[in-house]
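A structural walkthrough
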Amino acid sequence: MKVGIARDERFLEHKTGHFHPEHPKRLDAIYRMLDQHFKEQLISIPTEPATVEQIERIHSPAYIKRILKTAEQRITSLAPDTPISADSYFAAWLAAGACIQGIDHLMAKASDAFFAFVRPPGHHALPDKAAGFCIFNNIAIAAQYAIDRYSLGRILVIDWDIHHGNGIHDIFYDNPKVLYMSTHDLMMYPYTGEFDQTGSGKGNGYTVNIPILREFTDDDMIYLYQEILRPLISGYRPQLIMVAAGFDAHADDPIGRSNRPIPLNGSDLWRGDTLAETFKIFAGKSTPVLLPGRRLSSACPGRIH
Ligand SMILES: [Zn+2]
């Protein structure tokens, strides 16, 4: 399997403060791991920022202007949990652009899967609001680009982050061109994503929320993914699969574990062989896969094969 990646040192210029959980060192650790173990195996493509027009397909012009203005200040608090630095706006532009270039890369069949190692993350971002460390909704922007540029009508977005991706959920809630499936802990931020929220209007039935319990083991999660994804994929026949690949379900993640007396044992869940198995399900259909990594844990890199 050929795997393309996006990486860029400029993502590290998005500074959130020494004590913020989504800090540059996490991505830096991934980059060092890539250099050490995977240099020859991955196809790295240069990263370019998204255009304003591409971002405006999802975010309001007033919100985009507000993000631009943050370049004038050393620190801005976009939301109580979302502090950003003067260079963050550009990293956000670049993160959305990397996902768009991933779509181009996949549609040109230059590789079978594409991993965008980017920050800031995106799945909580709403059209006019930053939230949960997210500025622009990278997946939503890239999915909309795939719809506009390549006339795709069936995009499956899988969100395995421990938090519900309320931004992606809301943006495509009435749109059957994007089938959003999320597994998440309802007891954690943003406390949304109920099982009976399945979409509205033409999008009715195209949202799949699966709240998970803290008692779930890795075997439960793997069973759940295999049993739900298989019929979803065979019924929907996605032309593109995108994964909001947050790794905070990992047992060592400081946020995924917070306030959880019995942490979800994610230690084996995202091991290479499980990922490969997941890819095999996808790739068996010759479907391109795009994964924008969100909050990649420094505990995980060695397990990505
Ligand atoms: Zn998360």
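Membership of the largest hydrophobic core comes to 69 residues, with the highest contact counts inside it found for Ala95, Ala96, Cys99, Ile141, Ala142, Val157 and Met242. No other element matches helix H4 (residues 88-107), which puts 12 residues into this core.

Here we take up unusual backbone geometry. Residues other than glycine predominantly adopt negative phi, and peptide bonds predominantly adopt the trans conformation. Here the amide bond leading from Arg119 into Pro120 is cis, since omega sits at 5°, within 30 degrees of zero. The topology assignment puts Pro120 in the loop between strand E5 (113-116) and helix H5 (138-150). The omega torsion of the bond from Tyr189 to Pro190 falls at 0°, within 30 degrees of zero and hence cis. Here Pro190 lies in the loop between strand E7 (178-184) and strand E8 (207-211). The backbone of Lys109 sits at a positive phi, close to 60°, despite the residue not being glycine. Positioned with a positive phi, Tyr191 is a non-glycine residue whose angle comes to about 65°. Mapped onto the fold, Tyr191 is located in the loop between E7 and E8. For Tyr191, a count of 13 C-beta atoms within 10 Å translates into the label partly exposed.

Glancing now at the pairing of strand E1 (residues 3-6). Where E1 lies against strand E2 (residues 42-45), four bridges are found, and the strand directions are parallel. Paired with Val3 across the bridge in E2 is Leu42. Assessed by its sense of winding, the connection that carries the chain from E1 through helix H1 (residues 24-37) to E2 is right-handed. Of the strand pairs in this sheet, E1 and E5 are connected by four bridges, and their pairing is parallel. Within the sheet, the bridge partner assigned to Val3 lies in E5 and is Ala113.

Now for the packing of H4 against H5. H5 packs onto H4 with a crossing angle of 40° between their chain directions and a minimal axis gap of 9 Å. Classed by the angle they form, the pair H4 and H5 counts as oblique. Seen along the crossing, H4 lies across H5 with a hand that is right-handed. Where H4 abuts H5, its residues Ala95, Ala96, Cys99, Ile100, Gly102, Ile103 and Met107 lie against Asn138, Ile139, Ile141, Ala142, Tyr145, Ala146 and Tyr150. When the residues that make up the contact of H4 with H5 are grouped by side-chain class, the tally is 12 nonpolar, two polar and no charged.

This part takes up H4. End to end, H4 covers 29 Å across 20 residues, agreeing with the expected 28 Å (1.5 Å per residue, within 8%). For H4, the tally of buried residues reaches 17 of 20 residues, placing the bulk of the element in the interior. At the C-terminal side of H4, Lys109 shows a positive phi close to 60°.

The subject of this paragraph is the pairing of strand E6 (residues 155-159). Of all five residues in E6, five are buried, a share of seventy percent or more. Side-chain alternation along E6 places Ile155, Val157 and Asp159 on one buried face and Leu156 and Ile158 on a second face that is also buried. Pairing analysis gives five bridges linking E6 to E7, with the strands arranged parallel. In the sheet register, Ile158 faces E7, and the bridge partner there is Met181. The handedness of the E6 to E7 crossover, carried by helix H6 (residues 166-171), is right-handed. In terms of strand pairing, E6 meets strand E9 (residues 240-246) through five bridges, oriented parallel. Of the residues in E9, the one forming a bridge with Val157 is Met242.

The rules behind these values
- Residues numbered from 1 in each chain as written.
- Predicted model: local features only at pLDDT ≥ 70, side-chain atom pairs only at ≥ 80, totals over all residues.
- Core = buried A, V, L, I, M, F, W, Y, C linked by C-beta atoms within 7 Å.
- Buried ≥ 20, exposed ≤ 12 C-beta atoms within 10 Å, placed from the backbone.
- Helix = DSSP H or I, 4+ residues; strand = E, 2+ residues; numbered from the N terminus.
- Pairing = 2+ DSSP bridges.
- Right-handed = clockwise from strand over helix to strand, strands pointing away.
- Axes fitted to C-alpha atoms, helices over the stretch in contact; angles between N-to-C directions.
- Parallel < 35°, antiparallel > 145°, perpendicular 65-115°, else oblique.
- Left-handed = near helix turned anticlockwise from the far one by under 90°.
- Contact = placed C-beta atoms within 7 Å.
- Nonpolar A, V, L, I, M, F, W, Y, C, P; charged D, E, K, R; others polar.
- Expected span 1.5 Å × (residues − 1).

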